[in-house]
Amino acid sequence: QVQLVESGGGLVQPGGSLRLSCEASGDIFIIGTMGWFRQAPGEQRELVATITSRSSTNYADSVKGRFTISRANAKNTVYLQMSSLKPEDTAVYYCNADIRRKGMLYSMEYWGKGTLVTVSS
């Protein structure tokens, strides 16, 4: 079994900052690319940022310069530092990871259950 558990969401005022964390646990052999996605009410889930196992990053245009993705491989954890938050950043944020389990020959994609970020005054 593999689990991804997000934390760090909450209510923040416009212009504020939040840091999301996502820890992977279970019978993990290796973790490849990790990422964050978000889904606002009535909208489709969209990519926010990804980071490869070698820490190469990719960002959605809407968050470039405001959000920073990072990872701690020893902790099987990915982070999303969000700054200069806007009301349009309000969404449920989901963690995503490509994980190869012990004894398996291939990787699978796993998702967390999400953490709500609300940007409002």
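The preceding data block contains the structure.
To start, this report covers the structure provided alongside it.

So, how was this worked out
Residues numbered from 1 in each chain as written. Predicted model: local features only at pLDDT ≥ 70, side-chain atom pairs only at ≥ 80, totals over all residues. Heavy atoms only, no water. Helix = DSSP H or I, 4+ residues; strand = E, 2+ residues; numbered from the N terminus. Pairing = 2+ DSSP bridges.

So, unusual backbone geometry
Part 1 of the argument: Within the chain, Ser55 stands out as a residue other than glycine whose phi angle is a positive 70 degrees.
Part 2 of the argument: Take Ser55: it is sitting in the loop between β5 (46-51) and β6 (57-59).
Part 3 of the argument: With a phi close to 50 degrees, Ser84 is a non-glycine residue in the positive phi region.
Part 4 of the argument: Within the secondary structure, Ser84 sits in the loop between β8 (77-82) and β9 (91-101).

Let's talk about the pairing of β5
Part 1 of the argument: Summarising the sheet, strand β4 (residues 28-39) and β5 pair through 5 bridges and their orientation is antiparallel. Following the sheet pairing, Arg38 is matched in β5 by Glu46.
Part 2 of the argument: Connecting β4 to the antiparallel partner β5 that follows it, the hairpin turn spans 6 residues, and Gly42 within it adopts a positive phi of roughly 75 degrees.
Part 3 of the argument: Linkage of β5 to β6, two consecutive antiparallel strands, is achieved through a turn of 5 residues, within which Ser55 is found at a positive phi near 70 degrees.

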